[in-house]
Amino acid sequence: MRLHYPHLFTPLDLGYTTLKNRVLMGSMHTGLEDNPEDYDKLAAYFAERARGDGPSLIVTGGISPNVAGGISASSGVLNAAEIVPHHQKITDAVHRENGKICMQILHTGRYGYHDGIVSASSIKAPINQYIPRALNEDEIQKEIDDFVNCAVLAKAANYDGVEIMASEGYFINQFLSQRTNKRQDRWGGCFENRMRLAVEIVENTRKAVGSDFIIIFRLSLMDLVEGGCCWEEVAKLAQAVEAVGVSIINSGIGWHEARIPTIVTSVPAAAFTRASKKLKESVSIPVIATNRINNPQIAEEILQRNDSDMISMARPFLADPHWVQKARENKSDEINTCIACNQACLDQIFSGKTTSCLVNPRAARETELNYHVTDRPKKIAVIGAGPAGLSVSTIAALRGHKVSLFERSSDLGGQFQMAQRIPGKADFEETLRYYRKMIEKHKVVLHMDREITANELESMIHGSEYDEVVVSTGVQPRSIDIEGINHRSVLTYPEVLLQDKQVGKRVAIIGAGGIGFDMATFLLAHKEDAELDQWYRQWGIDPKLESPGSLIPAQVKPPKRHITLLQRKSTKPGKTLGKTTGWVHKLHLEKYNVRMLSDVIYDRIDDLGLHILVGGKPELVEVDNIIICAGQVSNDSITTSTTLGGKRSSFHMIGGVALATELDAHRAILQGAELAAKL
Ligand code: NAP
Ligand code: SF4
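Conventions used here
Residues numbered from 1 in each chain as written. Chains lettered and ligands numbered in written order. Predicted model: local features only at pLDDT ≥ 70, side-chain atom pairs only at ≥ 80, totals over all residues. Heavy atoms only, no water. Helix = DSSP H or I, 4+ residues; strand = E, 2+ residues; numbered from the N terminus. Buried < 20%, exposed > 50% of the residue type's maximum accessible area, 1.4 Å probe, protein only. Contact = heavy atoms within 4.5 Å. Near = heavy atom within 4 Å. Polar contact = N/O pair within 3.5 Å; in protein donor to acceptor, adjacent residues only side chain to side chain. Areas by Shrake-Rupley, 256 points an atom, 1.4 Å probe, with all protein chains shown as cover. Nonpolar A, V, L, I, M, F, W, Y, C, P; charged D, E, K, R; others polar. Pairing = 2+ DSSP bridges. Axes fitted to C-alpha atoms, helices over the stretch in contact; angles between N-to-C directions. Salt bridge = Lys/Arg side-chain N within 4 Å of Asp/Glu carboxyl O.

**Q** Explanation requested: the environment of Asn-635 in the structure shown.
**A** Residue position: Asn-635 is located in the loop between β26 (632-634) and β27 (651-653). Asn-635 gets classed as buried once you look at its relative accessible area, which sits at 8%. As for Asn-635 and Thr-473, which are separated by 162 residues in sequence, their C-alpha atoms are 5.9 Å apart. Excluding its chain neighbours within four sequence positions, the residues that come into contact with Asn-635 are Arg-408, Thr-473, Gly-474, Val-475, Gln-476 and Val-657.

Below, the structure written as structure tokens:
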């Protein structure tokens, strides 16, 4: 078979070991690392990803070398021999599948959420309430010893190597940068002093673990913060760690406190490979490219251009554990693509929950949620082909059930049809492409443009044609009651997004939830915003990567429209957006001078515009159009009059039709998967 991605599948010889392909599964904290009782689950999670033709190398989520370095006081630590057997569960599971795995050593420094945090200097991070204590010289030496001890224990646990985390603004980065290192001893001041910690950690680790153990160094190529390192320093550090024994350099892009997006959906594909390309000029060891690479074609092109030697992907392996195998078998249309939404992975982690994936609810639940082939195939009707309906139909069909899926419109996807039209959210179409392929592969019988009436639903439930009936008819926009709501200037969000209704220059958006923010983004977008150079200009990123932190003044185009975004609540608009993505949406709209109002009472709409009271004071918002983005209600017209009788157990309602409030695709797809797993 001719490989579609030959560069991706070229082995990489490290001398003492060979990596079978150019794909690294990057570190992703799942939350399972923190409790040894969860290590069986963690082993199953990694084994599933190593199985078959998996990535040539996997990196675990961050494990701290000591308690001070943990993200919380109870984070996973490897500092004693008695912890080693827990890690052996992971390495055994991966090695049984012929995979290779490195453990990431992560010291969070001033990013830890606990009282015992330490750093180069006592400077609070803008994203953390805890203040770090500055280490004295003896304590710095002890930190280096702890890194080395951690790597030695990782080797005892049979890991194939370690990744030393020196990017994203964590502990080692905090020593490297003048922003966070104000020391005046031999660990601060000139760059030789600031990089001493990093170099000594690598040098001592290499001496302790021997020459046949992989050491990946995750180096911050672009800090994206003021006072960050300049390129000369980045290159100098890369050369220094190569000289003392690093095997591979992985790229880190942006500190966590950076106010420039680096991984969300709106970041253009492969946005930072110019950094790995530039670094390759300075070192002779392999360099890995990362961030916003989620499909094999993009990965292949990066390698073909020699912009890097390997590709790291983290979230794409949550979305599809078999990404590599599918690419190798030229079945990339079967890949369940990560859409960079962060909704079920990073947002969950930062809320103290175990990670999972919006498009793959099995992620990190491999021992609990399984799609076994059934020995009692049933006939199942599913009504509504939005995220919930697509999830339940395709998984039930994969299990061997005979599924008929009914959709009243001519397109699959429900709310995803609108999401994919938002600038920066085009990847949502990948989820629909995946479901279309799964429908075909698992032979779901699709009935498009077919509206099921309440009477037909009644017959389906009580007749003999179907064993199970699932209603997943989703939601419809909430109608709101304001004087003048039928004025010609008023539009609903589906009218704008799906029916291309014309919108004027001055706009009020009623409702500042996810869709209100998306609507403002849609109305402000310039065609060229998605082009990489324009995106760099907009966010103030130095295209030459030379300036400190790779930052230059941002250049924002004049706004296409004057937008006012309104809500009745007195909280700040945007509070309900995703934990790790909301700030990007807010910052983006602020750049375009969107006026955001809280504590609003809607009075009336007339030819002059929208009359409101803000904090009790009357105001007229003069606009050409008012767009209603006031949430949704259940699309339950066919279920309200349905009589279930004894058929209750074979009738199911999932997704937005069951609960429209706080509607989200994560819950819809999860409910579909959980139901399909037990039908
Ligand atoms: P939403 O988040 O519930 O927001 C609805 C907005 O409408 C709120 O601002 C609410 O604020 C306002 N509202 C509610 N009832 C109203 C009424 N009777 N009159 C006037 N205003 C009213 O709903 P959404 O924006 O449609 O988003 C739905 C879901 O989609 C979200 O929960 C999210 O999961 C998902 N989503 C997320 C994103 C994202 O995070 N970027 C983007 C798109 C969609 P007040 O009640 O204060 O006026
Ligand atoms: Fe990707 Fe979203 Fe899944 Fe996270 S939740 S892995 S961002 S698709």
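On we go.
**Q** What's the story with the site of ligand 1 in this structure? I'm lost.
**A** Ligand 1 sits among 23 residues. The nearest are Ala-512, Ile-515, Arg-568, Lys-569 and Gln-632. At a separation of 3.4 Å, a nitrogen atom of ligand 1 approaches a polar side-chain atom of His-585. A distance of 2.7 Å separates an oxygen atom of ligand 1 from a polar side-chain atom of Gln-632. In the complex, the protein chains occlude 79% of the 900 Å² of accessible area that ligand 1 would expose alone. At three residues, the largest contribution of residues to the shell around ligand 1 is made by helix α18 (residues 514-524). Considered class by class, the residues forming the shell around ligand 1 number nine nonpolar, eight polar and six charged.

**Q** Explain the site of ligand 2 to me, please; I cannot follow it from the model alone.
**A** Near ligand 2 the following residues occur: Arg-315, Leu-318, Cys-338, Ile-339, Ala-340, Cys-341, Asn-342, Ala-344, Cys-345, Cys-357 and Leu-358. Partitioning the shell around ligand 2 into residue classes produces nine nonpolar, one polar and one charged.

**Q** I tried to follow the sheet that holds strand β25 (residues 625-628) on my own but got confused; where do I start?
**A** Backbone hydrogen bonds hold the strands of a sheet together, and the pairing may be parallel or antiparallel. Spatially, five strands are ordered β18-β25-β19-β20-β21 in an open sheet, and the strand pairing comes out parallel. The open sheet has two free edges, formed respectively by β18 (490-492) and β21 (595-597), since each of these has just one partner strand. Averaged over all neighbouring strand pairs, the angle between strand axes comes to 20°, with direction disregarded.

**Q** How should I be thinking about the sheet that holds strand β22 (residues 600-606) in this particular structure?
**A** With antiparallel pairing, three strands are arranged side by side in an open sheet as β22-β23-β24. Each end of this open sheet is capped by a strand with a single partner; those strands are β22 and β24 (617-621). Neighbour-to-neighbour, the strand axes of the sheet open up by a mean angle of 25°, direction not taken into account. One ladder, built from six bridges, connects β22 with strand β23 (residues 609-614); its direction is antiparallel. By the bridge assignment, Arg-604 is partnered in β23 with His-611.

**Q** Honestly, the environment of Lys-501 in this entry has me stumped. Any pointers?
**A** Relative to the elements of secondary structure, Lys-501 occurs in the loop between α17 (493-497) and β19 (506-510). With a relative accessible area of 37%, Lys-501 lands in the partly exposed category. Separated by ten residues in the primary sequence, Lys-501 and Leu-491 place their C-alpha atoms 8.1 Å from one another. Not counting the four nearest positions on each side in its chain, Lys-501 is found in contact with Leu-491, Glu-495 and Val-496.

**Q** Explain the pattern of salt bridges to me, please; I cannot follow it from the model alone.
**A** Between side chains of opposite charge, a pair can form as their charged atoms come close. According to the stated counting rule, one finds 43 salt bridges in the structure shown. A salt bridge links Glu-366 to Arg-49; its shortest N-O distance comes to 2.8 Å. Within this pair, whereas Glu-366 is found in the loop between α12 (346-349) and β13 (379-383), its partner Arg-49 is found in helix α1 (residues 39-50), the two being separated by 317 residues in sequence. Each member of the pair, Glu-366 as well as Arg-49, carries the same accessibility label: buried. Across the salt bridge formed by Arg-51 and Glu-97, the nearest N and O atoms sit 3.1 Å from each other. Of this pair, Arg-51 sits in the loop between α1 and β4 (57-63) while Glu-97 is found in the loop between α2 (84-96) and β5 (101-105), placing the two residues 46 residues apart along the sequence. You can call Arg-51 partly exposed: its relative accessible area is 37%. Three or more residues are tied together by salt bridges with common partners; here these are Asp-38, Lys-41, Arg-365, Glu-368 and Glu-674.

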